[in-house]
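What follows is each chain in one-letter form.
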Amino acid sequence: MVDETKLAEKQETVETLRKVDDDLRLPSVPERNFFPKEIDIAPARLQTPAIGQRATRPDGRLHGLGQTKYIDDMFFPGMLHAKIKRAGVAHAKIKSIDVSEAQKMPGVQATLIGSEIPVNSFGPSLQDQPLLADQVVRHAGDGIAAVAAVTEQQALDALEKIKVVYEELPPVFDPIEAMSEDAIKIHNNDSNIYASKTIIKGDIEQGFKDSDYIFERRFTTQMVEHVPMEPHASIAEWDANGRVTLHSSLGRITLGRADIARTLEMPINRIRIIATVVGGNFGGKNEITTEPIISLLSKKTGHPVKCVFTREDEFISSTTRHPFIMDYKTGVSKEGKILARKVRIVCDGGAYCSWTETTLGKASILSAGPYNVENLHVDAYAVYTTKTVTGAMRGFGAPQVCFAYESHMDDIAAELGIEPLEIRLMNAFNEGSSSPTGQVLESVVVSDSLIMATERFGWKEWQK
Amino acid sequence: MTDITLNVNGEVKTASVPPETTLLKMLREDLNFTGAKIGCDVGDCGACTVLVDGLAVNACLMLAAQANGKEVLTIEGLSTLDKYHPIQKAFEDVAALQCGFCGPGMIMATKALIDQEQELTRDQIKDALSGNLCRCTGYTKIIDGVIDAYEKITGRKVPARNPRAA
Amino acid sequence: MIHRGKGIGCMWYPIGFTAAANPSAATVKVNEDGTATLLTGTVETGQGSLTVLAQIAAEELGVSTDDIHVVSADTDATPMDTGAIASRTTYVTGNAIKLAAEHAKQILFEVAAPMLGVQPNQLEAIDRKIQVQYFPQRSLPIADVALQAQFVMGRPPIGSASYNPPTVGMDPETGQGKPFSTYVYATQCAEVEVDDETGEVDVLYMSAAHDCGTAINPMLVEGQIEGGISMGLGFALQEEMLFNDLGQQLNPNLTNYIMPTSLDMPEIDVDIVENFDPTGPFGAKGVGEPTAVPTAAAICNAIFDAVGVRITSLPATAEKVLMAIKDKRLSNQRALPAAE
């Protein structure tokens, strides 16, 4: 229980102190940040069995009190602020980078360019992305150089003084154009196609022959950004034992640590990553970004270094959702049963691979929809273009193909005069159905979900 | 440098800051109130919402000098040693926040709304929160939290939406 | 004129990585008073995963969610985890935690067995007690057993384990294989209004029925679904990164990159489809990503139902919908028979 008398006494003392402080303008009274000292625990958190309880979140309480410390809420003594210079051109050879003027700017403590990074490449499947571009720029958001300064504004001002000489190369923005043999090769490979997937099940030709109707349609989707409310952020502190401690908004710290160790050519056990509560991920914070850069800036300066992406950095340099071009061809019986489906996917793979291979794989497997399709042929390609990096984003290609296969399904239903719910129930996976990869599916509830969602909607009674 | 004196959460605070300093930067870096967040720094996202003389403002769009002599309430000033503010309690109970980054701004915008002591509908609530972006929740549980808090604070009822099917 | 329409989007989605190892490890330490500490290398990125993981550990130990403290996301202190990606945390990390808690519980059983005069395999952990199965009156508080284990028997009840979903690699020519351990299924339905004079689409209502196996925490599952719908709605109608001829983004800010606000959101009803996956922790699968998958399809099908135009290119902005409506009118005009 709170002792009211003591509380009043304390309040009075504080008031007196405050008066003194106000006169002297000394900040010896701490900032007011009150929270109840008697903790209040929601009953659901105390129940057994624990499974199925609507338990509240201890971190949720801190969020609401404004007490969660995200990266940008942490300040360390002597901490510097880093900012990244972006290319601004989509495709170019870098002839030279001159940071000498930037180094003379007020507050600037250190700069870093790509050639100073021990292994200047990373990526979860192909290591084709530089941390800071040093030879070739492949999209306008590529980082070119980093500056660490006493304040963020000083770092931003210094970026303006970095002189980069480019020899511009022709950009390629359209993935279909990039696929052609005479297109400029963005990574000096034989082709800009850097990943492909094929799924073949049954006999596609026979399936089309047996079909009463054949439907074809092209669907396309756009490039989308994750927009986590907290931009990417990290703080690096290099210590006298040659260890670096990173506070980072990274969503996969174990693998991220290995990636950082590789770029810095350091033993893994000299790297510590502490991921605080991440302010939104959605797939966008599954890659290292500036962690090796600020580690090296911290090593150079002996100070902790923080780098927080501006909202613009977030858009132009972090990963995004792949635009897809999808050609669907579906053969159906007159009753509405899908007999054959051919899918061709071209995935705009952006400037670097990132999680594209995973995206392409999942998109291919899922592209036939949650339906029994005995005869299936899927071909999918990922293509480099000189656009923002495309990577993991909530669904790994599934939102794109779902838009296509479900739109296609309603086209078919409308043409055949079948109710959209009925055509789905007719084709839906059941327990034991064989997936496009020949996997026997278990705990399948496609029909249940169709019935439940439409009943809740009032589908059958619904009128325009 | 500009000398700024303002009242934050009931305490008089002073700081000497460069003239271009925003209220948000001053709160976060000079006064250590990190509850208001930098989501965009140009007034689009509302993560920095604080109350200035009772009105919700984007602290990133207000210069510290413009807040000179004013009363500022931040998320840190809502609860007391004895109890959570009902909005904070409601948000926790219904799991209104996920990553939480929009939370302090969302809660301050909610406080400004409830303080107006009007009859509220769901649409008015949606309208009042439209300047605060959230990427995690679809706003659904946030609106539940606002309604819960509003009903507890004011004793009024927000008309329920029409139920769909049983 | 305003037209109303309804549309369905149905989907399936896998849990975890595609035919690639994506293990998680975990450690569960039961304290002397029967509370426990869980160490996990996964990261809380907003979904509430730490609460769900605490519930899994609590269930296995027969204690409450609040009895579990979770330490996460520090590479110096927490075990390996593939991370908050691919909707894998509840399923993969959850399975690792369940196994780790099971190991710790086994130590408690071995310590409690002689105290209760039975074999360890006759015991169960329930309601903060270690009790003889079918004989709830023969029990000991978990705190007593944990204290005995640590200070008398010298066997601290700590368990560590790892889990990796079993998969079979895909044939490079045909793609045949078992790329994932399990999948989830879901349907969303949308009701929209389309203004045929402006092309504007207003999503009024959505119902969503999602399978996630056992819902470990229904409140957090609902939160994922509602949030996924908002992201799906942005994908369907608003969001697009636009570039100029030089490859520079034209809208790298939240002023011009339009994402859903509270005003854009429909009223939502969420249902969780009852299901149990025997391979998941207490039957659970996952829910994070799939929530954002079928929304765009449901909305575009509802637009089709409302005004008869098929949007084939996302996002279905007002301009695009209006253009499609005009094109349709034009083609309908052509189809009219010649005047007499």
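Each value, and the rule that gives it
- Position labels on residues start from 1 in each chain and follow its written sequence.
- All chains are assigned letters beginning at A, and all ligands numbers beginning at 1, according to the order in which they are written.
- A pLDDT threshold of at least 70 governs which residues receive local features in this predicted model, and a stricter bar of 80 or more applies before side-chain atom pairs are shown or counted, although totals over entire chains, interfaces and linings include all residues.
- The secondary structure listing takes helices from DSSP runs of H or I that are at least 4 residues long and strands from runs of E that are at least 2 residues long, numbered from the N terminus.
- Exposure criterion: with C-beta atoms placed from backbone coordinates, a residue whose C-beta has 20 or more other C-beta atoms within 10 Å is buried, one with 12 or fewer is exposed, and one in between is partly exposed.
- The contact criterion used here is simple: two residues whose C-beta atoms, placed from the backbone, lie within 7 Å are in contact.
- Note that domain bounds follow an automatic or database assignment of domains.
- Only Asp, Glu, Lys and Arg are considered charged in this grouping, and only Ala, Val, Leu, Ile, Met, Phe, Trp, Tyr, Cys and Pro are considered nonpolar; every other residue, Gly among them, is considered polar.
- Axes here refer to lines fitted to C-alpha atoms; in helices the fit is confined to the stretch in contact. Angles between the N-to-C directions go from 0 to 180 degrees.
- Relative orientations are named as follows: roughly parallel for angles under 35 degrees, roughly antiparallel for angles over 145 degrees, roughly perpendicular for angles from 65 to 115 degrees, and oblique for any other angle.
- Crossings are assigned a handedness: left-handed for a near helix turned anticlockwise from the far helix by less than a right angle, right-handed for a clockwise turn.

### Brief notes about the environment of A:Ala183
All names here are of chain A. When you line up the elements, Ala183 lands in the loop between helix H6 (175-179) and strand E7 (193-201). For Ala183, a count of 19 C-beta atoms within 10 Å translates into the label partly exposed. Expressed as a C-alpha distance, the spacing of Ala183 and Ile193, which sit 10 residues apart in the sequence, is 11 Å. If we skip the residues at most four places from it in the chain, Ala183 touches Val172, Glu177, Ala178 and Asn192.

### Observations concerning unusual backbone geometry
In this chain, A:Thr48 is followed by A:Pro49 through a cis amide linkage whose omega measures -10°. Among the structural elements, A:Pro49 can be located in the loop between helix H2 (43-46) and helix H3 (58-65). With an omega dihedral of -5°, the bond running from C:Leu314 to C:Pro315 counts as a cis peptide bond. Mapped onto the secondary structure, C:Pro315 falls in the loop between helix H5 (295-307) and helix H6 (318-335). For C:Ala86, which is not a glycine, the phi torsion comes out positive at approximately 60°. Take C:Ala86: it is sitting in the loop between strand E4 (68-72) and helix H2 (89-116). Take C:Ala86: there are 29 C-beta atoms within 10 Å of it, and that puts it in the buried class.

### Some remarks on the domain arrangement of chain C
Residue and element names in this part refer to chain C. When the domains of chain C are assigned, the result is domain 1 (2-14 + 182-333) and domain 2 (24-162). Distance from the C-alpha centre of domain 1 to the C-alpha centre of domain 2: 39 Å. At the junction of the two partners, domain 1 supplies 16 residues and domain 2 supplies 14 residues. Here the side of domain 1 that touches domain 2 gets three residues from one element, more than from any other, and that element is helix H4 (residues 218-238). Classifying every residue of the side of domain 1 that touches domain 2 gives eight nonpolar, six polar and two charged.

### Observations regarding the packing of H3(A) against helix H2 (residues 86-93) of chain B
The geometry of H3(A) relative to H2(B) is characterised by a closest axis approach of 9 Å and an angle of 150° between their N-to-C directions. Accordingly, the angle class assigned to the pair H3(A) and H2(B) is roughly antiparallel. Of the two elements, H3(A) crosses H2(B), and the hand of that crossing is right-handed. For the pair formed by H3(A) and H2(B), the contact residues are A:Gly60, A:Arg61, A:Gly64 and A:Leu65 on the first element and B:Gln88, B:Phe91 and B:Glu92 on the second. Of the residues assigned to the contact of H3(A) with H2(B), the class counts are two nonpolar, three polar and two charged.

### Some words on the interface of chain B and chain C
Each partner contributes residues to the interface: chain B has 22 residues there, and chain C has 24 residues. Listed by contribution, the elements that provide at least two residues to the side of chain B that touches chain C are helix H4 (122-128) and helix H5 (140-154) of chain B. When residues in the side of chain B that touches chain C are grouped by element, the largest group, three residues, is from H5(B). Grouping the amino acids of the side of chain B that touches chain C by side-chain chemistry returns 10 nonpolar, six polar and six charged.

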